[in-house]
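Next come the chains, spelled out residue by residue.
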Amino acid sequence: MAMAMADTQTKETIVFTYGTLKRDFPNYTLIQDLILQNAAAYIGTCITHQSHPLVIGPHGIPFLIKLPGAGHHVNGELYCVSTRGLARLDEFEGTSNGHYERLPIQVTKTENKGEGSDIVLLEAEAYYAHRSFGKRLWEKRGRIGLSEYSQNNAKEYVKKEDRDKDVSFLDNIEMLLSKS
């Protein structure tokens, strides 16, 4: 799973993507850029080991919520990401602004072994809805979630540059949560 990187001191992290960063989704260009810079490598598809809520928030933004045991097992993709790549993902996901939190998650991946296959449990990190609103968003969505962020869901996604510049990300969340 290791990437061939010029800097041998670079730490690599396995990242679980479940939304707009997946292949053929609206923000995959960021992952592509990281791959071209040798700061990320595709590992394969996987599914969360435990169920988790996955809901859609304002602007069609997907949120995985840190409530293990609720929701569904969520399908996604795994990437091995360098420290430099992780910093870019953290910036994109707004971890310093209270948008998402990057936290550990266990996922299972099927590995083909000649004539058979094995299910492998892996430790990864995922971007969860920030704890300041995650549980409330799950409740607002009627505790009904998705097992996968689909192309159909992605049609509702509004890219950052196309959103109202006068309303912050967190204000959009709070407006959604305060609606009756």
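Residues numbered from 1 in each chain as written. Predicted model: local features only at pLDDT ≥ 70, side-chain atom pairs only at ≥ 80, totals over all residues. Heavy atoms only, no water.

### Quick notes on the overall build of the chain
Selection criterion: Numbering goes from the N terminus for both helices and strands, where a helix is a DSSP run of H or I of at least four residues and a strand is a run of E of at least two. Only the C-alpha atoms count toward the radius of gyration. The rule for a globule is 2.2 Å times the residue count to the power 0.38. Each residue's exposure class comes from its accessible area (1.4 Å probe, protein chains only) as a fraction of the maximum for that residue type: buried when under 20%, exposed when over 50%, partly exposed otherwise. Contacts between residues were defined by any pair of non-hydrogen atoms, one from each residue, lying within 4.5 Å. Here, Shrake-Rupley sampling with a 1.4 Å probe gives the accessible areas, and only protein chains in the shown set may cover a residue. Two residue types count as positive, namely Lys and Arg, and two as negative, namely Asp and Glu; His and chain ends fall outside the count. Charged groups are reduced to one reference atom each: NZ for lysine, CZ for arginine, CG for aspartic acid, CD for glutamic acid.
When its secondary structure is counted, the chain shows 5 helices and 7 strands. For the chain, the sequential pattern of α-helices and β-strands runs β-α-β-β-β-β-α-β-β-α-α-α. At 16 Å, the chain has a C-alpha radius of gyration in line with the 16 Å of a compact globule built from 180 residues. Overall, the chain is about 55 × 35 × 25 Å in size when its C-alpha atoms are taken along their principal axes. Residue burial in the chain is summarised as follows: out of 180 residues, 46% are buried. The long-range share in the chain, meaning contacts at least 24 apart out of those at least 6 apart in sequence, stands at 73%. Only carbon and sulfur atoms are counted for the fraction: they give 49% of the accessible area of the chain, which is about 9500 Å². Taken together, the 21 basic and 23 acidic charged side chains of the chain have centroids lying 4 Å from each other.

### As for unusual backbone geometry
The residue D24 is not glycine, and still its phi comes out positive at about 70°. You can see D24 is positioned in the loop between strand 1 (12-17) and helix 1 (28-36). Of note in this structure, R143 is not a glycine but carries a positive phi near 55°. Inspection of the secondary structure puts R143 in the loop between helix 3 (134-140) and helix 4 (151-154).

### What about the confidence of the model for the chain?
Rules: Per-residue confidence from the predictor is reported as pLDDT, a score between 0 and 100.
For the chain, per-residue confidence averages 91 on the pLDDT scale, and residues scoring 70 or more make up 94% of the total. Element-level pLDDT for the chain is lowest in strand 7 (residues 116-129), with a mean of 90, against a maximum mean of 98 in strand 4 (residues 62-64). Predicted confidence for residues 1-9 stays below pLDDT 50, and this span has 20 contacts to residues more than four positions away or in other chains.

### A look at the environment of Q106
Stated formally: Pairs of N or O atoms within 3.5 Å make up the polar contacts considered here, provided that, within protein, one atom can donate a hydrogen while the other can accept it, and that residues adjacent in sequence are counted only when both atoms are side-chain atoms.
Position of Q106 relative to the elements: it lies in strand 6 (residues 100-113). Sequence separation between Q106 and E123 is 17 residues, and the spatial gap between their C-alpha atoms is 4.8 Å. Within the local environment of Q106, its side chain forms a polar contact with the side chain of E123, the two groups lying 2.8 Å apart.

### Things to note about the pattern of salt bridges
Heads up, the condition is: One side-chain nitrogen of Lys or Arg within 4 Å of one carboxyl oxygen of Asp or Glu is enough to make a salt bridge.
Evaluation of the coordinates by the stated rule reveals 8 salt bridges. One salt bridge in this structure joins E101 and R131, with 2.5 Å as the shortest N-O distance. Taken together, the positions of E101 in strand 6 and R131 in the loop between strand 7 and helix 3 put the pair 30 residues apart, joining distant regions of the chain. By relative accessible area, which is 63% here, R131 ends up exposed. In this structure, E139 engages R143 in a salt bridge whose closest nitrogen and oxygen atoms are separated by 3.3 Å. Since its relative accessible area comes to 53%, R143 is described here as exposed. Overlapping salt bridges bring together D90, R102 and E125 as one network.

### Concerning helix 5 (residues 169-178)
The cut-off we apply is this: Directions are taken from the helix axis to each C-beta atom, and the arc is the one they span.
Among the residues of helix 5, F169, N172, I173, L176 and L177 are the ones counted as buried. Relative to the axis of helix 5, the buried residues are bounded by an arc of 130° and lie together on one face. On its buried face, helix 5 sits against strand 4, strand 6 and helix 3.

### Brief notes about the state of the cysteines
To be explicit about the condition: Disulfides are defined as pairs of cysteine sulfur atoms found within 2.5 Å of each other.
One pass over the full model with this rule turns up 0 disulfides. You can see C46 has no disulfide; the closest cysteine sulfur is in C80, sitting 13 Å from it. According to the relative accessible area criterion, C80 is buried, its value standing at 4%.

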